[in-house]
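Spelled out, the chains give:
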Amino acid sequence: MINSKQRSKLRSLAHHLKPLVNIGKSGLTKGAILSIDQALESHELIKVKFIQNKDAKLQFKNDVKALFSASIVGDIGNTIILFRQNEDVDKRAYNI
């Protein structure tokens, strides 16, 4: 679990990032879940943008811990910032 100071630092680091995964009118599909999981594995800090389905965003926020073992760092408009630290110490991009 990350504290508020770490969350603030990660939000500032994510500011320049572009969304890696876009969730459209189909909502949160198995393919989208797989894409988010792979993006978290390789990047650790990602943005997920919800284009049309706002209900999927609310459901996603509730299920993110169970689906990905990740933390929600920020929630701005239709974009959610996720962080999951890599278990391999050598592959970590962010040391928090």
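Above this text sits the structure in question.
How each quantity is defined
Residues numbered from 1 in each chain as written. Predicted model: local features only at pLDDT ≥ 70, side-chain atom pairs only at ≥ 80, totals over all residues. Heavy atoms only, no water. Helix = DSSP H or I, 4+ residues; strand = E, 2+ residues; numbered from the N terminus. Rg over C-alpha atoms; globule rule 2.2 N^0.38 Å. Buried < 20%, exposed > 50% of the residue type's maximum accessible area, 1.4 Å probe, protein only. Salt bridge = Lys/Arg side-chain N within 4 Å of Asp/Glu carboxyl O. Lys, Arg positive; Asp, Glu negative; His and termini not counted. Polar contact = N/O pair within 3.5 Å; in protein donor to acceptor, adjacent residues only side chain to side chain. Contact = heavy atoms within 4.5 Å.

*Asks:* So, the overall build of the protein: which residues are in play, and what are the values?
*Replies:* Each helix and strand counted, the protein has three helices and four strands in total. Going residue by residue from the N terminus, the α and β elements of the protein occur as α-β-α-β-α-β-β. Over its C-alpha trace the protein gives a radius of gyration of 13 Å, about what one expects of a compact globule, namely 12 Å for 96 residues. Structurally, the protein occupies a C-alpha span of about 35 × 25 × 25 Å along its principal axes. Every one of the 96 residues in the protein was classed for burial, and the buried ones make up 34%.

*Asks:* How would you sum up the pattern of salt bridges? Please name residues and give values.
*Replies:* A full pass over the atoms with the stated rule returns four salt bridges. Note that Asp 75 is salt-bridged to Lys 57, the shortest N-O span being 2.8 Å. Of this pair, Asp 75 sits in strand S3 (residues 71-76) while Lys 57 sits in helix H3 (residues 54-68), placing them 18 residues apart in sequence. The shortest N-O distance in the salt bridge between Lys 61 and Asp 75 comes to 2.6 Å. With a gap of 14 residues between them, Lys 61 in helix H3 and Asp 75 in strand S3 connect regions that are remote in the sequence. Overall, the relative accessible area of 32% leaves Lys 61 in the partly exposed class.

*Asks:* Any chance you could break down the side chain of Glu 44 for me, citing the residues and the numbers?
*Replies:* Relative to the helices and strands, Glu 44 resides in the loop between helix H2 (30-43) and strand S2 (45-50). Of the side chains with opposite charge, Arg 92 lies nearest to the buried Glu 44, which makes no salt bridge, at 5.1 Å. Among the polar contacts listed, one links the side chain of Glu 44 to the backbone nitrogen of Asn 86, at a separation of 2.7 Å. Of the polar contacts made by the side chain of Glu 44, one reaches the backbone nitrogen of Tyr 94; its length is 3.1 Å. What Glu 44 contacts, discounting residues up to four positions off in sequence, is Ala 39, Leu 82, Phe 83, Arg 84, Gln 85, Asn 86, Lys 91, Arg 92, Ala 93 and Tyr 94.

*Asks:* Describe the side chain of Arg 84, listing the residues and the values that go with them.
*Replies:* Residue placement: Arg 84 occurs in the segment after strand S4 (79-83). By relative accessible area, which is 16% here, Arg 84 ends up buried. Here the side chain of Arg 84 touches Phe 68 through a polar contact of 2.8 Å, landing on its backbone oxygen. Non-local contacts of Arg 84, meaning those with residues more than four positions away in its chain, are made with Asp 37, Leu 40, Glu 41, Glu 44, Phe 68, Ser 69 and Ala 70.

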